[in-house]
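Architecture and fold: a report
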Amino acid sequence: MSRFRVWLRAAQVAALGLVSVLPAHADEMPPWNDSGDVPVPTWMRSVAPNKLDAAIYAEPGKLEARRGSAQLGARLPLYGTRRANGCQGRWLNVGPLAWICSDVADYSGDDPAALLLGVRPWVLPSGDGVWPERPGARSLPPIEPTQQGDDGLPYRYFFAGGDGAYGYANLANALDDAPDQELEQGFAVAAIEEKAEHGEKWIKTKKGRWIALRELVAARPSLFHGELLDGNAPDFAWISADKANVYPTEKPDKTAGTRVRFERVKVYEEKPPATPKGEPMLRISADGDTPAQWMRARDLSRPRLVAPPAEIGGEKASERWIDVDLAQQTLVAYEGTKPVFATLVSTGKGPPKSDTATNPGVHRIWVKIFTTKMDNLAKDDVERHYALEDVPWVQFFDKAIALHGVFWHRDFGHVHSHGCVNLAPLDARWLFAFTGPHLPSGWTAVFPTKLEPGTVIRVR
């Protein structure tokens, strides 16, 4: 690298506040240290977090400025160091506006690298394996399954069976020791490994517990996924009723067949109600088709285009944003005024402003997390408790309300959730990559910054 390029890179980095001083000479390379501080070891090539989800901050010493979480086992690049409060050692700069304390990270001689996020790859049509290690930090993942078993989930998921399930930290002594974890019926775990021991099969959860496979029921997630758009208004709808009738005219009296749930149909015309007690009808056959085909609008979920919210400039908007339509139970992703993706969702089933409602409003994503636990174990006034480990592709935007993938139901197109916007896994994976802030390599969670704000989510 030329002296000019080294100096230019150093100046750019310093302009972002990533190092405390510029190098004294143009040919000095990072990591850069505070003047007079002890240099890092010459053999050091990366930073190795030694704590699960170790905190990363936007500025050294400012613990209120959380930036994200580091992946245990990752090797993060090091650009500079600084002494500041909140760290007994020194702060290590591992990326733009990203500092980790040396108390929770070690120096490593390995080159910077990241472990896989999850254990299940997707494969591009070319045949090259693409692992979900950096969602959003590359071209968008495929929206359609590309191989058998690609359901958009980063792990295989299981539910505790009718008698519950027991988890053990030590598989060799699992039949002799008391369990380290007890799961009630329906509680869910993510599996990272499967092994035969004691004459039967066991799975190891992401939390490090071994559970006998006979005590579990495998999750069977939906393979439904949305549609990529070409910038034009979507001219289709999805069947949202379990079984929907087709009629030869716009009068829903004599049936001419049925359509099944999740089938996509092209919409050619919409007829308003003919009488005060009537209902809208949609024509799903082209002009001249015999016989003509009509369906009740209430049996379908139809994505509709709307103007961007004023918060991002209205008709002059240029950034990415997402619209959630509560009435239709659909979601449309935009780049400015251009629609690029549409799908079905399941929003909160509670009444407006209740704990289980998805309330209208305009918000920005305030944190993205690769996987997180969701439960209601702290609540005593519920009919049934649930606990779901490692829910994937989570994007919080309205306090505890998030976009996220689900593996425990297939009710998309209907209200169903406890307040979050539920997505089929393939859709959730794509949207996690589409929105900002992007998740850097070697991280498990990321907060927005002024350089990369969270994507706007509008619920209406």
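So, a few notes on the structure that sits alongside this text.

Cut-offs applied
Residues numbered from 1 in each chain as written. Predicted model: local features only at pLDDT ≥ 70, side-chain atom pairs only at ≥ 80, totals over all residues. Heavy atoms only, no water. Helix = DSSP H or I, 4+ residues; strand = E, 2+ residues; numbered from the N terminus. Contact = heavy atoms within 4.5 Å. Areas by Shrake-Rupley, 256 points an atom, 1.4 Å probe, with all protein chains shown as cover. Buried < 20%, exposed > 50% of the residue type's maximum accessible area, 1.4 Å probe, protein only. Pairing = 2+ DSSP bridges. Core = buried A, V, L, I, M, F, W, Y, C linked by side-chain atoms within 4.5 Å. Phe/Tyr/Trp six-rings, centres within 6.5 Å; stacked < 30°, edge-to-face > 60°. Salt bridge = Lys/Arg side-chain N within 4 Å of Asp/Glu carboxyl O. Axes fitted to C-alpha atoms, helices over the stretch in contact; angles between N-to-C directions.

1. Regarding the overall build of the chain
Within the chain, the secondary structure is distributed over 2 helices and 35 strands. Taking the principal axes of its C-alpha atoms as reference, the chain extends roughly 85 × 65 × 50 Å. Counting contacts in the chain only where the partners sit at least 6 residues apart, residues at least 24 apart contribute 60% of the total. Put simply, the chain shows about 22,000 Å² of open surface, and 49% of that area lies on carbon and sulfur atoms.

2. Topic: the pairing of strand β6 (residues 98-101)
Strand residues, when the strand is regular, have side chains that alternate between the two faces of the sheet. Side chains Ala98 and Ile100 project from β6 onto one buried face, and the interleaved Trp99 and Cys101 project onto a second face that is buried too. Across 4 bridges, strand β5 (residues 91-95) lies against β6 in antiparallel orientation. From the neighbouring strand, Asn93 faces β6, where its bridge partner is Trp99. Two successive antiparallel strands, β5 and β6, enclose a turn made up of 2 residues, where Leu97 displays a positive phi of approximately 50°.

3. Structural notes on unusual backbone geometry
Look at the link from Thr290 to Pro291: it is a cis peptide, with omega at 0°. Among the secondary structure elements, Pro291 is positioned in the loop between β23 (281-283) and β24 (294-296). Here the residue pair Gly436 and Pro437 is connected by a cis peptide bond, since its omega of 0° sits within 30 degrees of zero. Mapping Pro437 onto the fold places it in the loop between α2 (425-434) and β34 (443-446).

4. Some remarks on the nonpolar core
In this structure, Ile100, Leu331 and Leu431 are the most contacted members of the largest nonpolar core, which totals 60 residues. Broken down by element, this core gets its largest block of residues, 6 residues, from strand β31 (residues 387-398). Those residues in contact with Leu331 that sit more than four places away from it in its chain are Ile322, Asp323, Val324, Phe341, Ala342, Thr343, Val345, Leu403, Leu423 and Leu431. Counting 15 residues, the second largest nonpolar core, distinct from the first, contains Phe224, Leu229, Ala317 and Leu344.

5. Notes on the packing of aromatic side chains
Evaluation of the coordinates by the stated rule reveals 17 aromatic pairs. Residues Phe159 and Phe407 carry aromatic rings whose centres are separated by 5.9 Å and whose planes lie at 40° to one another, so their mutual orientation is tilted. Separated by 248 residues along the polypeptide, Phe159 in strand β10 (residues 156-160) and Phe407 in the loop between β32 (401-405) and β33 (421-423) bring together distant segments of the chain. Phe407 shares its class with Phe159; the two are buried. Here Trp366 and Phe396 contribute two aromatic rings whose centre-to-centre distance is 5.7 Å and whose plane-to-plane angle is 35°, an arrangement assigned as tilted.

6. Quick word on the pattern of salt bridges
For the structure shown, the criterion picks out 32 salt bridges. In this structure, Asp150 engages Arg429 in a salt bridge whose closest nitrogen and oxygen atoms are separated by 3.0 Å. Pair noted here: Asp150 is in the loop between β9 (129-130) and β10 and Arg429 is in helix α2, with a separation of 279 residues, a long-range link. Judged by relative accessible area, Arg429 falls into the buried class, the value being 2%. Close ionic contact of Lys207 with Asp390 constitutes a salt bridge, the shortest N to O distance being 3.8 Å. Taken together, the positions of Lys207 in the loop between β14 (200-205) and β15 (210-212) and Asp390 in strand β31 put the pair 183 residues apart, joining distant regions of the chain.

7. Details of the sheet that holds strand β21 (residues 264-266)
Within a sheet, each strand pairs with its neighbour through backbone hydrogen bonds, oriented either parallel or antiparallel. With antiparallel pairing, 3 strands are arranged side by side in an open sheet as β21-β18-β25. Whereas interior strands pair on both sides, the edge strands pair on one side only; in this sheet they are β21 and β25 (300-301). Sheet topology note: the strand β18 (residues 236-239)/β21 ladder contains 3 bridges and is antiparallel. Of the residues in β21, the one forming a bridge with Trp238 is Arg264.

8. A closer look at the sheet that holds strand β22 (residues 269-271)
Read from one edge of the open sheet, 3 strands run β22-β23-β24, paired in antiparallel fashion. This sheet does not close on itself; its edge strands, each paired only once, are β22 and β24. Here the average twist between neighbouring strands, direction ignored, is 25°. As paired strands, β22 and β23 are joined by 3 bridges and run antiparallel to one another. Bridging from a neighbouring strand, Lys271 pairs with Met281 of β23.

Scope: geometric values only; no functional claims are made or implied.
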